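Residues per chain are reported as follows:
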Amino acid sequence: MSDVTRPARPAGVREVARLAGVSTQTVSRVINNYANIRPETRMRVLEAMRALDYRVNNAARALGTASTRTIGVIATDATLYGPTVGIAALAEAAREAGLWIATAYADAGDPAAIDGAIAHVLAQGIDGLVLVAPHARMVAALRERELGVPVAALHADDGAAAQREGAALAAAHLVDLGHRRIGRLGGPVDWLEEASRAQGSEEGLHRAGLSLTHEWRGDWSARSGADRAAEVAAAVQAGELTAILAANDQMALGLMAGLAASGIRVPNDLAVVGFDDNPDAAFYAPALTTVRVDVLGDARRCVAEVTGASAGGPTSVSAPAQLIVRASSAPLMA
């Protein structure tokens, strides 16, 4: 006979019920997050599940509930800061709602890759689909398809309002500091975040009777910000620019590094404001003034949308955008 010890059968609902001192029906109701269960009973069941290392079988549960309690997530450009944070926020929002996420990655410019990602998540029996950092054309294309599940997009629809609000705050901040010759370093034109942040920047300036004096474009990377530095420096030296709005923190980082090499001092010669408040922004040289948006709140909105939860519920309301003022922005020097 083999000396290999076979693992014991994983604990099931009956074992959990026996340890918690409840019926198997009660265990099932706790697993499926029914509301009318006494808190002390729910706690006993959850403690028994932890003690027995019980794992919910989503496939089996779907047979009885017509739901796998799983949300599909399709992400593009997932190596960038924004998409990475968005995926993490969706995982947390789903967990809060007693759900899981199944994630697939796709090149937004490759229709075959998108089709493959959709097929992958649909095969998981998902209850809804959320797009992370999508291009506008990708959102439109998916919403035209009959996928059989609800579709939401992070930073789109209601989520776009916070993006616009944050960009308007950044523009107003520079105006309040006395700047009137303000430029912008934008992201790729077909991204939802870029469209919202561009609109918010313009709205913030228009309220003060101003418009952008210059506009450059990058691809969200620090490298693309550095690549624009020589042109931005020339505008500063010509007296055409005293402040710039960068559409994300990474591009602001690259821009400031390139400006330093060109002899342009931030904020003495040029005030710089970013967007995202990534964890390193406070340690840039100088520390970056930026905008923080409630990504977790937006993720909760998406989870509520695709699961049919009330849009007015407490978990679907995002906090207002915040301006985080640091050393990279300063009053206009005479």
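Below: a short report on this structure. (Residues numbered from 1 in each chain as written. Predicted model: local features only at pLDDT ≥ 70, side-chain atom pairs only at ≥ 80, totals over all residues. Heavy atoms only, no water.)

## Notes on the pairing of strand 7 (residues 243-246)
Here strand 7 shows two buried faces, one formed by A243 and L245 and the other by I244 and A246. Bridge count between strand 5 (residues 182-186) and strand 7: 4 bridges; the pairing is parallel. Paired with L185 across the strands is A246, a residue of strand 7. Bridge count between strand 7 and strand 8 (residues 271-273): 3 bridges; the pairing is parallel. By the bridge assignment for strand 8, L245 is matched with V273. A crossover connection joins strand 7 to the parallel strand 8 through helix 12 (residues 249-261); in handedness this β-α-β unit is right-handed. (Buried < 20%, exposed > 50% of the residue type's maximum accessible area, 1.4 Å probe, protein only. Helix = DSSP H or I, 4+ residues; strand = E, 2+ residues; numbered from the N terminus. Pairing = 2+ DSSP bridges. Right-handed = clockwise from strand over helix to strand, strands pointing away.)

## Examining the packing of helix 8 (residues 158-176) against helix 9 (residues 192-206)
One can describe the packing of helix 8 onto helix 9 by two numbers: an axis separation of 7 Å at closest approach and a directional angle of 40°. On the basis of their axis angle, the class for helix 8 and helix 9 is oblique. The handedness of the crossing between helix 8 and helix 9 is right-handed. When helix 8 is examined against helix 9, the residues A160, Q163, R164, A167, A168, A171 and V175 are found in contact with a partner set consisting of E193, S196, R197, Q199, G200, S201, E203, G204 and L205. (Axes fitted to C-alpha atoms, helices over the stretch in contact; angles between N-to-C directions. Parallel < 35°, antiparallel > 145°, perpendicular 65-115°, else oblique. Left-handed = near helix turned anticlockwise from the far one by under 90°. Contact = heavy atoms within 4.5 Å.)

## Looking at the layout of surface pockets
One number sums up the size of the second largest pocket: a volume of about 380 Å³. For the lining of the second largest pocket, the secondary-structure elements that each account for two or more residues are helix 5 (81-96), helix 9 and helix 13 (295-307). For the lining of the second largest pocket, the element with the highest residue contribution is helix 5, accounting for 4 residues. In terms of residue class, the lining of the second largest pocket is made up of 12 nonpolar, 5 polar and 6 charged. (1 Å grid on protein atoms, 1.4 Å probe; cavity = no way out; pocket = protein on both sides within 12 Å on 5 of 7 lines; lining within 4 Å. Points joined across faces, edges and corners; volume = space filled by probe spheres on them. Nonpolar A, V, L, I, M, F, W, Y, C, P; charged D, E, K, R; others polar.)

## Here's the deal with the nonpolar core
Residues L90, V132, V232, I244, L259, L270 and V272 are the most contacted members of the largest nonpolar core, which totals 61 residues. Of the residues forming this core, the biggest block, 6 residues, is contributed by helix 13. Setting aside its immediate chain neighbours within four residues, V232 contacts W216, L241, I244, L255, L259 and L270. Core analysis: the next-biggest nonpolar cluster, separate from the first, contains 19 residues, A106, V121, V139 and L147 among them. (Core = buried A, V, L, I, M, F, W, Y, C linked by side-chain atoms within 4.5 Å.)

## Some details on the sheet that holds strand 5
Strand-to-strand pairing in sheets goes through backbone hydrogen bonds, with the strands running parallel or antiparallel. Taking strand neighbours across the sheet as the criterion, the 4 strands line up as 6-5-7-8 in an open arrangement whose pairing is parallel. Of all strands in the sheet, those bounded by a partner on one side alone are strand 6 (214-217) and strand 8. Here the average twist between neighbouring strands, direction ignored, is 20°. Examined bridge by bridge, strand 5 and strand 6 share 4 bridges and lie parallel to one another. If you follow R184 over to strand 6, its bridge partner there is E215.

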